[in-house]
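# Commentary on secondary and tertiary structure
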Amino acid sequence: MEFDIKNVKLAPGGRHRMEWAGNEMAVLQGLKEKFGTERPFAGIRVGATMHVTSETANLMVALQAGGADVVLSASNPLSTQDDIAAALVSYYEIPVYALKGEDMDTYHRHINAVLDHKPHIIMDDGADLVSTLHSSRRDVLPGVIGGTEETTTGIVRLKAMAKDGALEFPMMAVNDAMTKHLFDNRYGTGQSTMDGILRATNVLIAGRVIVVGGYGWCSRGIAMRAKGLGANVIVTEIDPLKALEAVMDGFRVMPMMEAAPQGDIFVSATGDMHVLDGHHIAAMKDGAMLANSGHFDIEINKIALQDMAVSEPKRVREFVEQFTMEDGRRINLLGEGRLINLAAAEGHPAAVMDMSFAGQAMAARYLVENKETLTNKVHSVPAVIDEEIAAIKLASMGISIDTLTDEQVNYLNSWDMGS
Ligand code: ADE
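One structure accompanies this document, and this report is about it. (Residues numbered from 1 in each chain as written. Predicted model: local features only at pLDDT ≥ 70, side-chain atom pairs only at ≥ 80, totals over all residues. Heavy atoms only, no water.)

Turning our eyes to something else, we now look at the overall build of the protein chain. When helices and strands are tallied, the protein chain shows 17 helices and 15 strands. Relative to all contacts within the protein chain whose residues are 6 or more apart in sequence, the contacts with residues 24 or more apart total 71%. Carbon and sulfur atoms form 53% of the exposed surface of the protein chain, whose accessible area is close to 18300 Å². Positive and negative side-chain charges of the protein chain, numbering 37 and 55 respectively, have mean locations separated by a distance of 3 Å. (Helix = DSSP H or I, 4+ residues; strand = E, 2+ residues; numbered from the N terminus. Contact = heavy atoms within 4.5 Å. Areas by Shrake-Rupley, 256 points an atom, 1.4 Å probe, with all protein chains shown as cover. Lys, Arg positive; Asp, Glu negative; His and termini not counted. Charge placed at Lys NZ, Arg CZ, Asp CG, Glu CD.)

Here you go:
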């Protein structure tokens, strides 16, 4: 079996961490058991480009239990957990192509290695796999049934492809499922981003000014958790509705240029480029820290930062590079401007990835079962899948809820019972 990982000897530790995560993933474990008897993926090759974490490993193993032949590469050069890659290779015979800290050439070579396996189902996180398939690897297109996409950024790219008529197979927008973005993007990103910043810097958050770029689901989570740790939070937005919501949630809202001289820590999660640009950096305080929690490392203008510095950056901690400006100010870039929660910490906790990955697994099954009818566009995950995931998750937490009485159903279905 071919693979490209750091060190197979890391496998035993990786397996322990996989089991630890698995214990928090009740919905996915239930699906794994069901897949084991129903074998919905028998004869199906699944090619995944996702963050190689203990949670993703549990997803891969659940698909394998359902009969899938699985192959995995990293969806970010810095997010791979090398012990997990080793465990998947050693104990589950899943070919993994991922090394923490791989350069961009290796990253693309690994995506191509996944495509060399000629997958029928694509699992993507950021749409790099789909994009490679539609450009340099069109030879693989004829065998593809469809794919699933994990993240907001990927769905934006896929919708642009579909609009241009360029998408050659159906894609399921897993991110847009309620049980994904309302939980993973908000509570997952909120907690893991603060975790990444803390592990990278070990600074006290209480009393600091944290500037959060954007107020989408991810940024909302970050703002909420930063506030919970005692930060004085400023939000920047371009959308008046989201800005208004941030104001009414109790945050200060202003343009980035106004926030720049006030912030101690900046975190961006907008999905767009240069949210933290050269002119903002020029106005920042000595010691300012810059982090990104959006999918790609384009939110901080790293080239401008390097150009403004008087020398090469100094690595002052494992995930902190310090750039000194001409006037002596030091600006700290965390995790190379890549997803800070996965670069410096371990990504979202398993209990929240449980729902996202149950959505992935069920969407993949939906693709296999409906391949004859699905068109080449971006499809929503059916509401019944969302409802099933939420119901199982609640049950796994030991929480039961009320059901409507006949009288209440009747009331809701009537139009003549007013005041
Ligand atoms: N995205 C964010 N957190 C993640 C995790 N723990 N595993 C896989 N993908 C993620």
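What follows covers the packing of aromatic side chains. Summed over the entire model, instances satisfying the criterion amount to three aromatic pairs. Centre to centre, the rings of Phe35 and Phe41 are 5.3 Å apart; their planes meet at 85°, and the pair counts as edge-to-face. What makes Phe41 buried here is its relative accessible area of 0%. Relative to Phe251, the ring of Tyr215 has its centre 5.9 Å away and its plane inclined at 65°; by these criteria the two rings are edge-to-face. One end of the pair, Tyr215, is in the loop between β7 (209-213) and α9 (217-228); the other, Phe251, is in the loop between α10 (240-248) and β9 (252-253), with 36 residues separating them in the sequence. The exposure class assigned to Tyr215 is buried, which follows from its relative accessible area of 2%. With a relative accessible area of 9%, Phe251 lands in the buried category. When the ring centre of Tyr91 is taken as origin, the NZ or CZ atom of Arg15, which lies over that ring, is 3.7 Å away. (Phe/Tyr/Trp six-rings, centres within 6.5 Å; stacked < 30°, edge-to-face > 60°. Buried < 20%, exposed > 50% of the residue type's maximum accessible area, 1.4 Å probe, protein only. Lys NZ or Arg CZ within 6 Å of the ring centre and 35° of its normal.)

Quick look at the site of the ligand now. In the vicinity of the ligand, the contacting residues are His51, Thr53, Glu55, Thr56, Leu342, Glu346, Gly347, His348, Met353 and Phe357. Here a nitrogen atom of the ligand and a side-chain polar atom of Thr53 are 2.7 Å apart. Within the contact set of the ligand, a nitrogen atom lies 2.8 Å away from a side-chain nitrogen or oxygen of Glu55. Considered on its own, the ligand offers 260 Å² of accessible surface; in the complex 95% of this is hidden by protein. Mapped onto the shell around the ligand, the elements with two or more residues apiece are α3 (54-65) and α15 (350-369). (Near = heavy atom within 4 Å. Polar contact = N/O pair within 3.5 Å; in protein donor to acceptor, adjacent residues only side chain to side chain.)

Soluble globular proteins tend to pack their nonpolar side chains together in the buried interior. Residues Leu59, Met60, Leu63, Leu88, Val96 and Met123 are the most contacted members of the largest nonpolar core, which totals 55 residues. If you tally residues by element for this core, the top one is α15, at eleven residues. Ignoring sequence-local partners within four residues, the contact set of Met60 consists of Ala48, Met50, Val70, Leu72, Leu88, Ile94 and Met123. With 27 residues, the next largest nonpolar core counts Met194, Tyr215, Ile222 and Val320 among its residues. (Core = buried A, V, L, I, M, F, W, Y, C linked by side-chain atoms within 4.5 Å.)

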